[in-house]
Amino acid sequence: MMKVRAFAIDIDGTLTENGSKVHLQSLSMLRALERSGYRVLFVTGRSSIEAYILAMFLGTTRVAIGENGGVITTSPTEHILLVDKGYSERAYELLRSRITDVRLKPVFPRMTEVVLERTFSIDDAMDIIRKEGLPVVIVDSMYAYHINHESINKAVGLRVALDNLGIRLEECIAIGDSATDIPLFLSCGYSIAIGNADDEVKSMAKVSVKGKNGNGLIEALQYVVDNMVEMVDDCNGISSSSNNNSNSNK
Ligand SMILES: O=C(O)COP(=O)(O)O
Ligand SMILES: [Mg+2]
């Protein structure tokens, strides 16, 4: 029986209007979930320190997964780095020498990845990287391009974070808006795509909601509250009708 014990929440495009202000009403719902005994963890392409500070001020679980899963921060001085940054830096130097307008995005410092502006074709860049045999991928969060080691994604980082809490991925609900959240959708017990996600991202989640950004997060959390029993059955392959305006994708 799936027991919901944790929520993995994306930040940009889910909790924010992509790169700016957070949606206050959804913050209070997340705080209420944490107070009800659920673990609320932020899983983001931003630095793990930004996610940690958000959790600290919000009062949610102070285990923050940043850099698309490359770093897990558990205190101001404790950071678990899952990979070395070297390959991403080599890939950045290679791309800069081969493609015009490859630019660093001015973001908080990164320990395992390189973050770029969305100013070139990822396909062209990946052709160059593959020919060079570098073990990295370029992923698009709709907010920035990330050069991550190929072994890294948000689910890899979340698994390490949840292990520390004695929680399994199957006991976690993922909510997100972009391609970088797809590994979470495929690994967690349940998954909800926000309305501003593209169709491919929505198709990889169990359900998608109509609301966009913070309003979509509210709708997703309300869906969970309204359908927890059905969700649990659904996760165990028991068919169930869902009584809401979300679109079931599975
Ligand atoms: O930093 C980014 O690229 C966006 O981060 P997100 O994973 O929270 O949407
Ligand atoms: Mg996002």
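All chains use their own residue numbering, which begins from 1 and follows the written sequence. Think of it this way: whatever chain is written first is A, whatever ligand is written first is 1, and the rest follow in order. Per-residue local features are limited, in this predicted model, to residues with pLDDT of at least 70; the limit for side-chain atom pairs, both in listing and counting, is 80 or more; totals at the level of whole chains, interfaces and linings are taken over all residues. Excluded from the side-chain calculations are hydrogens and water; all other atoms, namely the structure's heavy atoms, are used.

The name recorded for the chain in an unreviewed UniProt entry is Phosphoglycolate phosphatase, from Candidatus Nitrosocaldus cavascurensis. UniProt positions are given in the numbering used here, feature names are shortened, and annotations may be inferred rather than shown by experiment. According to UniProt, the comment filed for the chain under the heading Catalytic activity (unreviewed entry) is "2-phosphoglycolate + H2O = glycolate + phosphate". Under the UniProt heading Function (unreviewed entry), the note attached to the chain is "Catalyzes the dephosphorylation of 2-phosphoglycolate."

## What to know about the coordination of the magnesium ion (ligand 2)
In this listing, donors mean N, O and S atoms no farther than 2.8 Å from the metal, or 3.2 Å for Na, K and Ca; water is missing from the atoms, so a site can look incomplete. Around the magnesium ion (ligand 2), the protein contributes the donor atoms D10 (OD), D12 (O) and D177 (OD), at 2.1 to 2.2 Å from the metal centre. Mapped onto the polypeptide sequence, the residues donating to the magnesium ion (ligand 2) form the spacing pattern D-x1-D-x164-D. One end of the pair, D10, is in the loop between strand 1 (6-9) and helix 1 (24-35); the other, D177, is in the loop between strand 9 (172-176) and helix 6 (182-187), with 167 residues separating them in the sequence. With a 1.4 Å probe rolled over the protein chains alone, any residue whose accessible area is under 20% of its type maximum counts as buried; one over 50% counts as exposed, and the rest are partly exposed. On the accessibility criterion, D177 (4% relative accessible area) is buried. By definition, any uninterrupted DSSP run of H or I lasting at least four residues is a helix, any uninterrupted run of E lasting at least two residues is a strand, and each is numbered from the N terminus.

## Some details on the nonpolar core
Of all hydrophobic cores here, the largest spans 28 residues; its most connected members are F7, I9, L30, F42, I175, I192 and L217. When residues of this core are traced back to their parent elements, those giving at least two are strand 1, helix 1, strand 2 (39-42), helix 2 (48-58), strand 9, strand 10 (190-193) and helix 8 (213-235). Once residues lying within four places of it in the same chain are set aside, the contact partners of I192 are A174, I175, G176, F185, A205, V207, V209, A220, Y223 and V224. Only buried residues count toward a nonpolar core. Its members are Ala, Val, Leu, Ile, Met, Phe, Trp, Tyr and Cys residues joined through side-chain atoms within 4.5 Å. Among the nonpolar cores identified, the runner-up in size contains 22 residues, and L41, C172, A174 and L184 belong to it. Whether two residues are in contact is decided by their heavy atoms, any of which lying within 4.5 Å being enough.

## Description of the environment of L41
Here L41 is to be found in strand 2. Remark: the alpha-carbon pair of L41 and L54, spanning 13 residues in sequence, is separated by 10 Å. Sequence-distant contacts of L41, that is, excluding residues within four places in its chain, are made with A6, F7, A8, I9, T61, V63, I65, A161, L162 and L165.

## Considering the UniProt feature "binding site: Mg(2+)" (unreviewed entry) in the chain
Residues annotated in UniProt with the feature "binding site: Mg(2+)" (unreviewed entry) correspond here to D10, D12, D177 and D181. Across 172 residues in sequence, these annotated residues keep their C-alpha atoms within 11.0 Å of one another, forming a single compact spot. One can find D12 in the loop between strand 1 and helix 1.

## Topic: the packing of aromatic side chains
Here a ring pair, both rings aromatic, is described through the centre-centre distance and the interplanar angle of the planes. A pair of Phe, Tyr and Trp rings is counted when the ring centres sit within 6.5 Å of each other, with Trp represented by its six-membered ring. The angle between the planes then sorts it: under 30 degrees is stacked, over 60 is edge-to-face, the rest tilted. Enumeration over the complete set of coordinates arrives at three aromatic pairs. Where Y190 meets Y223, the ring centres are 6.3 Å apart and the plane angle is 25 degrees; that geometry is what we call stacked. Linking Y190 in strand 10 with Y223 in helix 8, this pair joins segments that are 33 residues apart in sequence. The pair formed by Y190 and Y223 is uniform in burial state, with each residue classed as buried. By definition here, charges over rings are those cases where NZ of Lys or CZ of Arg is within 6 Å of the ring centre and within 35 degrees of the ring normal. Its guanidinium or amino end placed over the ring of Y143, K105 lies 4.6 Å from that ring's centre, counting from NZ or CZ.

## Quick look at the UniProt feature "binding site: substrate" (unreviewed entry) in the chain
Taking the numbering used here, the UniProt-annotated feature "binding site: substrate" (unreviewed entry) corresponds to K154. Take K154: it is sitting in helix 5 (residues 154-165). Those residues in contact with K154 that sit more than four places away from it in its chain are D10, V43, T44, G45, N68, G69, T180, D181 and L184.

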